[in-house]
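# Structure assessment
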Amino acid sequence: DVKVTQSSRYLVKRTGEKVFLECVQDMDHENMFWYRQDPGLGLRLIYFSYDVKMKEKGDIPEGYSVSREKKERFSLILESASTNQTSMYLCASSVQDRGGGYTFGSGTRLTVV
Amino acid sequence: QKEVEQNSGPLSVPEGAIASLNCTYSDRGSQSFFWYRQYSGKSPELIMFIYSNGDKEDGRFTAQLNKASQYVSLLIRDSQPSDSATYLCAVNPDTGTASKLTFGTGTRLQVTL
């Protein structure tokens, strides 16, 4: 069974902490994505990557960075966590063709206090 | 202006009825269209995708696409209580290799007994 695995299901961090969210996929997908999901705002793209060491900003990259050193792993970094980054974070992967529907991880619910 | 629009609902249908979920998109060049189901507290899961005008059927689900009207819909026949969830419409506006989807905010479906 193919999978996208996010390292933590629930996370509580303090304001100002550096936070790492990890995502690993075992499907050999080229594309990987980080979204956040908030009530009423839907899914918003933070960053995505279409190849190892490649990254592109999404719609809301401010306050975030990413790392993709290996094809299967895509990390999201909150440089200095703030309360407005409390959210559900979803990682997804897809193949590089128009049929590339996403496979999502189970999500990380991050609370910044 | 939102790029992918859905009625937030809730859409309430009785068990056994047909549920009709609708989505409009703004980018006329969009190539592929996806429907995801998301249960409360869970991550989205892909249920249908469609590329060409017309209907595509998969079990109780039918996706309909009308590119001239920039409209995509999902019909669920013989609705079951287990179909109660939020349904996300997603559109791929890109023709390049990075299949970056734009999501609507979702329609909440309630199937009543």
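All values derive from a computational prediction rather than experimental measurement. (Residues numbered from 1 in each chain as written. Chains lettered and ligands numbered in written order. Predicted model: local features only at pLDDT ≥ 70, side-chain atom pairs only at ≥ 80, totals over all residues. Heavy atoms only, no water.)

## Structural notes on the interface of chain B and chain A
Convention followed: The contact criterion used is simple: two residues touch if any of their non-hydrogen atoms lie within 4.5 Å. The quantity reported as buried area is the accessible area (1.4 Å probe) lost by two parts once they are put together, taken as the sum for both. What counts as a salt bridge is simple: a side-chain nitrogen of Lys or Arg found within 4 Å of a carboxyl oxygen of Asp or Glu. What qualifies as a polar contact is a pair of N or O atoms within 3.5 Å, subject to a donor-acceptor requirement within protein and to the restriction that residues adjacent in sequence count only when both atoms come from side chains. In this description a helix means any DSSP run of H or I spanning at least four residues, a strand means any run of E spanning at least two, and both kinds are numbered starting from the N terminus.
On the chain A side, the residues contacting the 19 residues of chain B number 25 residues. Roughly 1,700 Å² of surface becomes buried between chain B and chain A when both sides are summed, with 57% attributable to carbon and sulfur atoms. Among the residues chain B hides against chain A, the three largest losses belong to B:Ser99, B:Lys100 and B:Phe103. Together they make up 27% of the total. At the junction of chain B and chain A, the tally comes to zero salt bridges. On the surface where chain B and chain A come into contact, there are six residue pairs in polar contact (both at pLDDT 80 or more). Looking at the side of chain B that touches chain A, the elements with two or more residues in it are β4 (32-38) and β9 (85-92) of chain B. By residue number, the principal contributor to the side of chain B that touches chain A is β4(B), which donates four residues.

## Describing empty space enclosed by the protein
All names here are of chain B. Put simply, the rule reads: Points on a 1 Å grid over protein atoms alone make up a cavity when a 1.4 Å probe fits among them but cannot get out, and a pocket when they form an open set with protein on both sides within 12 Å along at least five of seven lines; lining residues each have an atom within 4 Å of a point. Grid points are joined across faces, edges and corners, and a volume is the space filled by probe spheres set on the points. All residues other than Ala, Val, Leu, Ile, Met, Phe, Trp, Tyr, Cys, Pro, Asp, Glu, Lys and Arg, Gly among them, are scored as polar; the first ten of these are nonpolar and the last four charged.
Inspection of every chain in the model, using the stated rule, returns one cavity of 30 Å³ or more. There is about 40 Å³ of room inside the largest cavity. Forming the walls of the largest cavity are Glu 3, Val 4, Tyr 25, Ser 26, Asp 27, Ser 30, Val 91, Pro 93 and Thr 102. Taken together, the residues that form the lining of the largest cavity break down as four nonpolar, three polar and two charged.

## Topic: the environment of A:Leu78
Residue and element names in this part refer to chain A. Threshold: Partly exposed describes any residue whose relative accessible area lies between the buried limit of under 20% and the exposed limit of over 50%, with all areas from a 1.4 Å probe on protein chains only and scaled to the type maximum.
Residue position: Leu 78 is located in strand β8 (residues 73-78). According to the relative accessible area criterion, Leu 78 is buried, its value standing at 0%. Along the chain, Leu 78 and Glu 62 lie 16 residues apart, while their C-alpha atoms are 9.5 Å from each other. Setting aside residues up to four positions removed in sequence, Leu 78 forms contacts with Glu 17, Lys 18, Val 19, Leu 21, Gly 63, Tyr 64, Gln 85, Tyr 89 and Leu 110.

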